[in-house]
There are 2 protein chains.
Amino acid sequence: MATIKDIARLAKVTPSTVSRVLNHSGGYSEKTRRRVEKIADELHYQKNEAAVNLVAQTSNLIGVIVTNATTSFAAPIIDSIEDWAYQNGGRILLAHCGLNDSERLKTCLNLMAGRKVNGIISVSVQFDENNLKLLDQLQLPLISLGVKVSNQPMISIDNLKAATTGTNYLISRGYQRIALIAVDTSDPQTGRTRCAGYQKAMESAGLTPSIIPGDYSFAAGKQAAEFLLAKGELPEAIFAASDDAAAGVIYAAQEHGIKVPEQLAVLGFDNSSVASMIYPGITTIDQPFKQMGRLAIEHLTNQNVSSVELPYQIKERGSVAKYNSAQS
Amino acid sequence: MATIKDIARLAKVTPSTVSRVLNHSGGYSEKTRRRVEKIADELHYQKNEAAVNLVAQTSNLIGVIVTNATTSFAAPIIDSIEDWAYQNGGRILLAHCGLNDSERLKTCLNLMAGRKVNGIISVSVQFDENNLKLLDQLQLPLISLGVKVSNQPMISIDNLKAATTGTNYLISRGYQRIALIAVDTSDPQTGRTRCAGYQKAMESAGLTPSIIPGDYSFAAGKQAAEFLLAKGELPEAIFAASDDAAAGVIYAAQEHGIKVPEQLAVLGFDNSSVASMIYPGITTIDQPFKQMGRLAIEHLTNQNVSSVELPYQIKERGSVAKYNSAQS
DNA sequence: CTGAAAGCGCTTACAG
DNA sequence: CTGAAAGCGCTTACAG
């Protein structure tokens, strides 16, 4: 790999001058400029960013921590972060921390610190006590998407309101026996908040809440539906805590010859890619993932790291009927 | 951020000693060791990897280039690369190059070169002339997944054979009018090869091939099915060039009240996550994505960069009937 | 307009 | 067992 010195030697100038030319920082003759640039070109010179960062005392790196790549909604977020990076010459250091894997999250954090990232964006990552402490010691700006991490800034929708809105949407369509499923009740943030929102709406309407916990996955949704089916207690509508889970419900329903939405309405959460790939399309609560990614970057790069709450909306597709035909 | 010098000062030794202790390279007293480690700990010291890399002349970084995060099959590949990284202290520099965006790919390549990555893993990325030349100049080891990049090593399945196998599978089930859809015929590698495999199998069986090109997407699959439907020429079976496209076909079929697989069999390609989330499950050609990721890493780290061809297999689910009931 | 020097944070022979 | 020095590839005041 050619270095600045190689260029300097060939161009018969000092590294200082080469550096100036390559950085367009001015203070060299037109002639020198051309000579240096030509040689740099011929050598296919690539600046060693490690060296640059060392003197600049910055890494130009944004750390992104996600649980794993399979989480469907991580994709649009990473996409928007990457778009920013492309336009601004930033780079993305990616790490997966798994699910509730304290050791692995610790490794991720240390790795990010070692690379001196400018900031960390964590997507739906829960921090335990130890990692909270570590994060504090590392002094790295972090912005969390979707999950509240101690006193760190967060970008997310209002899960309580969203769950209430979703439930009310179902109620307003005429549904009464509505179950909330696949929601992680051990997750103090998202999970419990969504439960609370659902319960609030149900109780306000004088209806009895019924929750089947789960981990937001397709399997959890499928299991919940099968469980309900086996018990002969299929509700009129199922509010799934994620689109993956909604897909699981729809799968089970189709397997058992139950028509969606005629015999069972299904409301999802996220508006992730599956939502539109399944028939009938999943009516769901749209989370603005792309915007979340963009905002996270903006806040991090502007050092203006404060929490923000984004609007959500119901994306209507086919899995919920306009009116509850079962009632009419 | 504390540096090695800070530690040295507090521990009343020189940076050299601190370095030795922190790297466990021996040559210090037990007492010194304890003192240094204690102080490093108290300061929450994190080695500056940029500096380490500068002297070590390596970056410990693997560059991963994908078209975009939404490509469903990139996820398992990235997952397996990340797993390796976690276990081996490697780091992942992620970049998206978009679809046929020469400028962006160029930026990615330069970025990787600047960071002095140890190697690049590209996932389904096509290289045009210019970038091929750039890659050559940059002298970075690259291993490509799924797509042949000039004389670079590639890891993939045998697309020709896989397409033949898939087509024959359908034929052996009794289907005769079989269309291949959503395949990118402008893609000299994957696309055309799959076409060739399909055509070969059809012709060997004395059947007439029928191909509807597309970009492997859900939308392409849906459109193809709708087109066939509108023309009143729905075949007995559709071989979709990806699971996303297969999902599109199934969506269109359900919308039009056509039963899968009874009235229309659908065979997918990839065995990506959608395949099992749609009812009936998509019978598909399973590509060993996880293994591809693992192998790519192995080859890159062992400097043993040669092409390898991986086995594929048909994953049977519900979208193809065991026997063509329409015929019986 | 150009060069010499110091320094970013670390490692690693070389002395002692 | 420990330190002083040189160097990784770059940038940036400071002179001239």
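Before reading on, note that the structure itself is shown above.
Predicted, not measured: the structure shown is a model, and the values here were computed from it.

1. Structural notes on the overall build of chain A
Per the secondary structure count, chain A includes 12 helices and 12 strands. In summary, chain A has a C-alpha radius of gyration of 26 Å against a globular reference of 20 Å for 328 residues, an excess of more than 25%. Projected onto its principal axes, the C-alpha coordinates of chain A cover approximately 90 × 40 × 30 Å. In chain A, buried positions account for 53% of the 328 residues. If you sum the accessible surface of chain A, you get close to 14,100 Å²; carbon and sulfur atoms cover 49% of it. For chain A, the separation between the mean place of its 31 positive charges and that of its 31 negative charges on side chains is 10 Å.

2. Here we look at the sheet that holds strand β2 (residues 91-96) of chain A
The strand order β11(A)-β5(A)-β4(A)-β3(A)-β1(A)-β2(A)-β2(B)-β1(B)-β3(B)-β4(B)-β5(B)-β11(B) describes an open sheet built from 12 strands, whose pairing is mixed. On the outer flanks of this sheet lie β11 (308-310) of chain A together with β11 (308-310) of chain B, each paired with one strand and no other. Neighbour-to-neighbour, the strand axes of this sheet turn through a mean angle of 25°, independent of strand direction. Direction of pairing for strand β5 (residues 154-157) of chain A relative to β11(A): parallel, over a ladder of three bridges. Bridge pairing in β11(A) links A:Ser156 to A:Glu309.

3. Some words on the interface of chain A and chain B
With 51 residues of chain A in contact, the opposing surface of chain B contributes 51 residues. The contact between chain A and chain B buries some 5,000 Å² in all, and 59% of this surface belongs to carbon and sulfur atoms. A per-residue breakdown of the area chain A buries against chain B is headed by A:Arg115, A:Met277 and A:Tyr279, which together make up 15% of the total. Across the contact surface, chain A and chain B share six salt bridges. Between A:Glu49 and B:Arg115 there is a salt bridge, and its shortest N-O distance comes to 3.2 Å. For the pair chain A and chain B, the number of links is 20 residue pairs in polar contact (both at pLDDT 80 or more). Residue assignment for the side of chain A that touches chain B shows that the elements contributing at least two residues are α4 (49-56), α5 (74-88), β2, α6 (102-114), α7 (129-138) and α11 (243-255) of chain A. For the side of chain A that touches chain B, the element with the most residues is α6(A), which contributes seven residues. Examined bridge by bridge, β2(A) and strand β2 (residues 91-96) of chain B share three bridges and lie antiparallel to one another. Directly across from A:Ile92, in β2(B), lies its bridge partner B:Leu94.

4. Examining unusual backbone geometry
Of all residues except glycine, most have a negative phi; of all peptide bonds, most are trans. Here A:Tyr279 and A:Pro280 are connected by a cis peptide whose omega angle stands at -10°. Within the fold, A:Pro280 resides in the loop between β9 (265-270) and β10 (283-286). Note that the residue after B:Val260, namely B:Pro261, is joined by a cis bond; omega there is 5°. Inspection of the secondary structure puts B:Pro261 in the loop between α11 (243-255) and β9 (265-270). Of note in this structure, B:Asp270 is not a glycine but carries a positive phi near 125°. Relative to the helices and strands, B:Asp270 is located in strand β9.

5. Looking at α11(A)
All names here are of chain A. Its 13 residues place the ends of α11 18 Å apart at the C-alpha level, agreeing with the 18 Å of an ideal helix rising 1.5 Å per residue. Within α11, 11 of the 13 residues are buried, which leaves it mostly tucked inside the rest of the structure. Those residues of α11 that fall on the buried side of the exposure criterion are Asp 243, Asp 244, Ala 245, Ala 246, Ala 247, Gly 248, Val 249, Ile 250, Tyr 251, Ala 252 and Ala 253. If you check the start of α11, you find a side-chain oxygen 3.4 Å away from the backbone N of Asp 244, and it comes from Ser 242. The positive-phi residue at the C-terminal boundary of α11 is Gly 257, with phi of around 70°.

6. Here we look at the packing of helix α8 (residues 159-172) of chain A against helix α9 (residues 190-204) of chain A
All names here are of chain A. Two numbers describe how α8 lies on α9: the axes approach to 7 Å, and their chain directions differ by 40°. As summarised for this structure, α8 and α9 are arranged oblique, according to the angle between their axes. Our pair here, α8 against α9, has a crossing hand that is right-handed. Each of Asn 159, Leu 160, Ala 163, Thr 164, Thr 167, Asn 168 and Ile 171 in α8 lies in contact with α9, whose residues at this interface are Thr 190, Thr 193, Arg 194, Ala 196, Gly 197, Tyr 198, Ala 201 and Met 202.

7. Some remarks on the packing of aromatic side chains
The relative placement of two aromatic rings is captured by the distance of their centres and the angle of their planes. Considering all chains together, one arrives at six aromatic pairs over all chains under this definition. Consider the rings of A:Phe218 and A:Tyr251, whose centres lie 5.8 Å apart with planes at 80°: the pair is edge-to-face. Placement of A:Phe218 in helix α10 (residues 218-230) and of A:Tyr251 in helix α11 is noted, with a sequence separation of 33 residues between them. Comparing A:Phe218 with A:Tyr251, the two get one shared label, buried. Considering the side-chain rings of A:Tyr251 and B:Tyr279, the 5.2 Å spacing of their centres and the 80° angle between planes classify their relative orientation as edge-to-face. Pair noted here: A:Tyr251 is in helix α11 and B:Tyr279 is in the loop between β9 and β10 (283-286), and the two residues belong to different chains. Grouped by ring-pair contacts, the aromatic residues A:Phe218, A:Tyr251 and B:Tyr279 constitute a single cluster. Positioned above the aromatic ring of A:Phe269, the side-chain terminus of A:Arg194 is 3.6 Å from the ring centre.

8. Re the protein's contact with DNA strand C
Around DNA strand C there are 27 residues in total, and A:Arg20, A:Gly27, B:Ile4, B:Ser19 and B:Tyr45 lie nearest to it. Each atom of DNA strand C within 4 Å of the protein was assigned to sugar, phosphate or base; sugar and phosphate come to 66%. Between DNA strand C and B:Lys5 there is a distance of 3.4 Å, counted from a phosphate oxygen to a side-chain nitrogen or oxygen. Here a base oxygen of DNA strand C and a side-chain polar atom of B:Ser16 are 3.4 Å apart. Mapped by element, the contributors of at least two residues to the surface near DNA strand C are α2 (15-22) and α4 of chain A together with α1 (4-11), α2 (15-22) and α4 (49-56) of chain B. Broken down by element, the residue count for the surface near DNA strand C peaks at four residues, all from α4(B). The class makeup of the residues in the surface near DNA strand C is 10 nonpolar, 12 polar and five charged.

9. What to know about the sheet that holds strand β12 (residues 313-315) of chain A
Residues and elements named next belong to chain A. The strand order across the open sheet built from six strands is β7-β6-β8-β9-β10-β12, with neighbouring strands paired in mixed fashion. Two strands bound the open sheet, and with one partner strand each, they are β7 (211-213) and β12. Direction aside, the axes of adjacent strands within the sheet are offset by 20° on average. Alignment of β9 against β10, held across four bridges, turns out to be parallel. Its bridge partner lying in β10, Asp 270 is registered against Asp 286. With respect to the sheet, α10 is in contact with β6 (178-183), β7 and β8 (237-240), its orientation differing from that of β6 by roughly 140°.

Cut-offs used in this document
Residues numbered from 1 in each chain as written. Chains lettered and ligands numbered in written order. Predicted model: local features only at pLDDT ≥ 70, side-chain atom pairs only at ≥ 80, totals over all residues. Heavy atoms only, no water. Helix = DSSP H or I, 4+ residues; strand = E, 2+ residues; numbered from the N terminus. Rg over C-alpha atoms; globule rule 2.2 N^0.38 Å. Buried < 20%, exposed > 50% of the residue type's maximum accessible area, 1.4 Å probe, protein only. Areas by Shrake-Rupley, 256 points an atom, 1.4 Å probe, with all protein chains shown as cover. Lys, Arg positive; Asp, Glu negative; His and termini not counted. Charge placed at Lys NZ, Arg CZ, Asp CG, Glu CD. Pairing = 2+ DSSP bridges. Axes fitted to C-alpha atoms, helices over the stretch in contact; angles between N-to-C directions. Contact = heavy atoms within 4.5 Å. Buried area = accessible area lost by both parts, 1.4 Å probe. Salt bridge = Lys/Arg side-chain N within 4 Å of Asp/Glu carboxyl O. Polar contact = N/O pair within 3.5 Å; in protein donor to acceptor, adjacent residues only side chain to side chain. Expected span 1.5 Å × (residues − 1). Parallel < 35°, antiparallel > 145°, perpendicular 65-115°, else oblique. Left-handed = near helix turned anticlockwise from the far one by under 90°. Phe/Tyr/Trp six-rings, centres within 6.5 Å; stacked < 30°, edge-to-face > 60°. Lys NZ or Arg CZ within 6 Å of the ring centre and 35° of its normal. Near = heavy atom within 4 Å. Nonpolar A, V, L, I, M, F, W, Y, C, P; charged D, E, K, R; others polar.

Limitation: the analysis is restricted to geometry and does not speak to function.
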